[in-house]
There are 4 protein chains.
Amino acid sequence: MKVIVDLCVVPMGVGVSVSKYVAECQKVLQEAGLEHQLHAYGTNVEGDWDDVFAAIKRCHERVHEMGAPRITTSIKVGTRTDREQSMKDKTESVYGIVPTENTLG
Amino acid sequence: MKVIVDLCVVPMGVGVSVSKYVAECQKVLQEAGLEHQLHAYGTNVEGDWDDVFAAIKRCHERVHEMGAPRITTSIKVGTRTDREQSMKDKTESVYGIVPTENTLG
Amino acid sequence: MKVIVDLCVVPMGVGVSVSKYVAECQKVLQEAGLEHQLHAYGTNVEGDWDDVFAAIKRCHERVHEMGAPRITTSIKVGTRTDREQSMKDKTESVYGIVPTENTLG
Amino acid sequence: MKVIVDLCVVPMGVGVSVSKYVAECQKVLQEAGLEHQLHAYGTNVEGDWDDVFAAIKRCHERVHEMGAPRITTSIKVGTRTDREQSMKDKTESVYGIVPTENTLG
């Protein structure tokens, strides 16, 4: 089962700055060979259900190993049986209607 | 790795009423033998990481089998290495500070 | 516009235990006179759109005043124009299909 | 109070394809003059708390006016008092650690 996921890992008990933990999760996704794209409030990930969720579990394991005693993660998961759809398809189907919109590059 | 999850499965393309799909997910959680509690905007689930996420995958499979062509699910996932904590512990630690608050039973 | 919300406020940079901040948010909801119910991974809130979101803003203000330098909050928001629905209606429509399910009281 | 938000509006009861509703929400954000950036599972928005939440309310109003009888929206909201931070700052602080990662343009 193919899945598109939005992932936001929040380590707790490690102070205010969490970018090194987020960067570690990017490395986990790279090592897993999963399509992914960071945005300002999470990371889009695309792949097979089992591969994506195995990587998310590894993110928790790694962030704990780095010293975070507590993690709260938000995940959005999309699946569909009517047709194939990639992350690029999703944004392009909106851009086709409002082509000029993004205010950030 | 022990996990506390909040799960909200939203079938798309099946009309406005989705309670039969939510009920099916409750059955999946029961069959998996996982601690769970329905609330007005999702279900809290507690268990081992692998068991909980296997059940979430089964929820997607079942809801697709029931005819929903598209599903978007929100998941919150909490893990911690500093101590054991149950779903009951989490609410009780708040009730210990504001004991009278709930306005709904 | 009537709204049912699920609210989860996560203070960052204050250590691992966040229950006093969550309890303060419960007080904000009480003071606002909003129907609300705490669960293990957030709080369901019901009311008029403007009242509910004014209370959520006050939660952020209070939690910052208590010393949290950073907050990340997850909100789910449901609105509908086809009929009135309360938080109780939502859970009861599922319980009508799987009446025995909850494993926690 | 400055806020960075991730917004994902899901119309229900309108079939499987929701891109025209998402596009309408992009227009609402443009009309409001808010910095925003679409990604594959939502839109990042940056601005003053009141402006951002007024725009989110207008998104619900517009999507209902377009005929959607029910909407379920996910919002992540970040505020901080320790320093100013933009959406670009957030991604760049991660890219500074893992500079090569994105697999999608």
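Just so you know, these numbers come straight off a predicted model, no measurement behind them.

Analysis parameters
- Residues numbered from 1 in each chain as written.
- Chains lettered and ligands numbered in written order.
- Predicted model: local features only at pLDDT ≥ 70, side-chain atom pairs only at ≥ 80, totals over all residues.
- Heavy atoms only, no water.
- Least-squares fit on C-alpha atoms with pLDDT ≥ 70 in both.
- Salt bridge = Lys/Arg side-chain N within 4 Å of Asp/Glu carboxyl O.
- Helix = DSSP H or I, 4+ residues; strand = E, 2+ residues; numbered from the N terminus.
- Pairing = 2+ DSSP bridges.
- Axes fitted to C-alpha atoms, helices over the stretch in contact; angles between N-to-C directions.
- Contact = heavy atoms within 4.5 Å.
- Buried area = accessible area lost by both parts, 1.4 Å probe.
- Polar contact = N/O pair within 3.5 Å; in protein donor to acceptor, adjacent residues only side chain to side chain.
- Nonpolar A, V, L, I, M, F, W, Y, C, P; charged D, E, K, R; others polar.

**Student:** Please set out the relation of the copies chain C and chain B residue by residue, giving values where relevant.
**Tutor:** Screw-axis analysis of chain C against chain B gives a translation of 0.0 Å along the axis, an RMSD of 0.0 Å, and a rotation angle of 180°. As the rotation angle and translation indicate, the two copies are arranged about a two-fold axis. Minimal C-alpha distance to the rotation axis in chain C is attained by His39 of chain C, lying at 3.7 Å.

**Student:** If you had to explain the pattern of salt bridges to someone new, which residues and values would you point to?
**Tutor:** All names here are of chain A. Overall, the coordinates contain 28 salt bridges over all chains when judged by the stated rule. Of the charged contacts, one joins Glu31 and Arg62 as a salt bridge, the two residues approaching to 2.6 Å between their closest N and O atoms. On the criterion of sequence distance, the pair formed by Glu31 in helix H1 (residues 19–31) and Arg62 in helix H2 (residues 49–65) is long-range, its members being 31 residues apart. Connected through shared salt-bridge partners, Glu24, Lys27, Glu31 and Arg62 make up one network.

**Student:** Explain the sheet that holds strand E2 (residues 35–39) of chain D residue by residue, including any values.
**Tutor:** Ordered in space as E2(C)-E3(C)-E1(C)-E4(C)-E4(D)-E1(D)-E3(D)-E2(D), the eight strands form an open sheet in which the pairing is antiparallel. Bordering the open sheet on either side are strand E2 (35–39) of chain C together with E2 of chain D, each of which pairs with just one other strand. Pairs of neighbouring strands in the sheet enclose a mean axial angle of 20°, with direction left out of account. With nine bridges joining them, strand E1 (residues 2–12) of chain C and strand E4 (residues 70–80) of chain C adopt antiparallel strand pairing. Along E4 of chain C, the bridge assignment pairs Pro11 of chain C with Ile71 of chain C. In the packing of helix H3 (residues 87–95) of chain D onto the sheet, the strands contacted are E4 of chain C together with strand E1 (2–12), E2 and strand E3 (42–48) of chain D, and the crossing angle to E3 of chain D comes to about 120°.

**Student:** With reference to specific residues and values, describe the interface of chain C and chain B.
**Tutor:** Between chain C and chain B, the contact holds 42 residues from the first and 42 residues from the second. Counting the surface lost from both chain C and chain B, the interface buries some 3,800 Å², and carbon and sulfur atoms represent 61% of this. The interface formed by chain C and chain B holds two salt bridges in total. One salt bridge connects Lys76 of chain C with Asp6 of chain B, and the closest N-O pair in it is separated by 3.6 Å. Seen at the junction of chain C and chain B, the total is eleven residue pairs in polar contact (both at pLDDT 80 or more). When contributions to the side of chain C that touches chain B are tallied by element, the ones reaching two or more residues are E1, helix H1 (19–31), E2, E4 and helix H3 (87–95) of chain C. Taken together, the residues that form the side of chain C that touches chain B break down as 17 nonpolar, 15 polar and ten charged.

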